[in-house]
Amino acid sequence: MTDLIKRRLNKNFKKQMHYLTLVFNDFFILALIFLFGALMFWYAQNIKKWPNNLWFYKPLLALIWTATLGIGHFATLFDRADEHFLFNQDNEMKAYFKPLYLHNMLLPVVLIILVSGILLPFATMRAGFSIGGLIFIVIGLIVSKNVQFKLIVRSFYFNKYDYYNTWLYLGINFLILYLSFLGPYPNPIIYTTVAIASWVGVDYLPQGKMFDWYKALDYEERRVDLLNNFYSMFTDVPDKKVRISRRKYLDFLIKTTDQTPNTFIYQRVLLRDPEYSNLLIRMILFAILLIACLQDAGWAIGTGALIIFLTLYQLIPLGTVYEHNMMYHVMPIPFASRGQALRKVLQKGMLLEWGLISLAIIIFSPQKLEAFGGIIALLALTFLLLYFYLPSKIEQLFKKVRY
């Protein structure tokens, strides 16, 4: 079992390094440096103006630290075939999981130290914390993360009770963390003491002898899918499984009357297929973040124009999602109007993006007069793209389709 986990750790390390080198390329690293530098400059300039000890400082810090605990899942590195080949190895699972604790703690520890370092000036200058108190918080958070991983592993066994629930665990952690901050002087030693006591007490919880392979494998598949979804934002991931899910809160955007079948299915794809819906959401959030950091109307308008064009260019292949689906061609759907239907759906999505980017420019740009003029120019560019560039690209798209 020890040799097996060593081989899997080595294989996983090579795989993650392969994708991380593609994600953190030279351009992305430069973009991160500029964004982080702009954020830290804003942070350093504004922290001097903030008043001391406002009522929401401590719950805000407790919320940020608790959210940090929510990042990082326990990688079991299981394969689906393990439920057959390791089914009778329940007694050996403790040796299998032992090296994984250290492996899974690396990212959370780095993240906890990084976030605590960023919060240090605010916590000490404005919220009344001491350097020693922050050290105790860091220790308590690291121990709490290890407790979280221990509870996850125990939940993989057939137990009388389900020992781990993500939201319940984070909620309890936030409550204990915040309660330790109450009073004129925060006392994080209370939180650290509770975390250490929990770390010791977890080992005394009753644990079933039989390993629940179905639960463990489902957990690992969800973790891998989440990681692959992140990597797919930057590169192609062959192992990625597309899971189309219904988003009920977006149903009001799908009209069921006065529209063609093509319009209906293209709306569903845009709202429910993660490849396209996440792309649109990601580009909008990226544009808003850049505009907030630039703080200049000219640069913000230029950035917004570039992102609108790039978004539209990447959304056009949405029209081919059903082209190789046999049932799509069997149904009595008019193919002649599919280009017009695709254009209508993409126009709505792009106008939504233009509206949110324009709102961000108005809010974050100091030059309000230039911002309003730039928004009109950005709207004109968007209409040129939607009514001249988009129809020609859609026509070329369907000409390339081969059945």
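Because the structure is predicted, anything quoted here is derived from the model rather than measured.

Caption draft 1: The packing of aromatic side chains, seen in detail. Under the definition given, this model contains 28 aromatic pairs. Where Y19 meets Y231, the ring centres are 5.0 Å apart and the plane angle is 15 degrees; that geometry is what we call stacked. Of this pair, Y19 sits in helix α1 (residues 2–23) while Y231 sits in helix α9 (residues 213–231), and the two are 212 residues apart along the sequence. This pair shows no difference in class: Y19 is buried, exactly as Y231 is.

Caption draft 2: A look at the nonpolar core. W65, F78, Y96, F97 and F211 are the most contacted members of the largest nonpolar core, which totals 54 residues. At the level of elements, α1, α3 (57–69), α5 (93–125), α6 (131–154), α7 (166–179), α8 (189–201) and α9 are the ones that each hand at least two residues to this core. In terms of residue count, the dominant contributor to this core is α5 (11 residues). Setting aside chain neighbours within four positions, we find Y96 in contact with M1, L4, I5, R8, T76, L77 and F78. Counting residues in hydrophobic clusters, the runner-up holds 43 residues, among them Y276, V345, L346 and M350.

Caption draft 3: Layout of the domain arrangement of the protein. As far as domains go, the protein holds domain 1 (1–233) and domain 2 (251–402). A C-alpha centroid distance of 36 Å is found between domain 1 and domain 2.

Caption draft 4: Up close: the pattern of salt bridges. Counted according to the given criterion, the structure contains eight salt bridges. Of the charged contacts, one joins D218 and R80 as a salt bridge, the two residues approaching to 3.5 Å between their closest N and O atoms. Pair noted here: D218 is in helix α9 and R80 is in the loop between α3 and α4 (82–85), with a separation of 138 residues, a long-range link. A salt bridge links E220 to R223, with the shortest nitrogen-to-oxygen separation between them at 2.7 Å. Here R223 and E220 lie together in helix α9, a separation of three residues that amounts to about one turn. Here the two residues E220 and R223 agree in accessibility, since each one is buried. One continuous salt-bridge network, built from bridges that share partners, spans R80, E83, D218 and E221.

Caption draft 5: Focus on the environment of N228. Mapped onto the elements of the fold, N228 is located in helix α9. With a relative accessible area of 2%, N228 lands in the buried category.

Caption draft 6: Spotlight on unusual backbone geometry. In this structure, N53 takes a positive phi of about 55 degrees despite not being glycine. Mapped onto the elements of the fold, N53 is located in the loop between α2 (26–46) and α3. Its relative accessible area of 54% is what places N53 among the exposed residues. If you check the backbone angles, L77 has positive phi at about 60 degrees while not being a glycine. If you trace the backbone, L77 turns up in the loop between α3 and α4.

Caption draft 7: Main features of α9. In a regular helix each residue adds 1.5 Å, so 19 residues correspond to 27 Å; α9 covers 27 Å between its end C-alpha atoms and thus fits that length. Buried-residue contacts for α9 involve α1, α4, α5 and α6.

Conventions adopted
Residues numbered from 1 in each chain as written. Predicted model: local features only at pLDDT ≥ 70, side-chain atom pairs only at ≥ 80, totals over all residues. Heavy atoms only, no water. Phe/Tyr/Trp six-rings, centres within 6.5 Å; stacked < 30°, edge-to-face > 60°. Helix = DSSP H or I, 4+ residues; strand = E, 2+ residues; numbered from the N terminus. Buried < 20%, exposed > 50% of the residue type's maximum accessible area, 1.4 Å probe, protein only. Core = buried A, V, L, I, M, F, W, Y, C linked by side-chain atoms within 4.5 Å. Contact = heavy atoms within 4.5 Å. Domains from an automatic or database assignment. Salt bridge = Lys/Arg side-chain N within 4 Å of Asp/Glu carboxyl O. Expected span 1.5 Å × (residues − 1).

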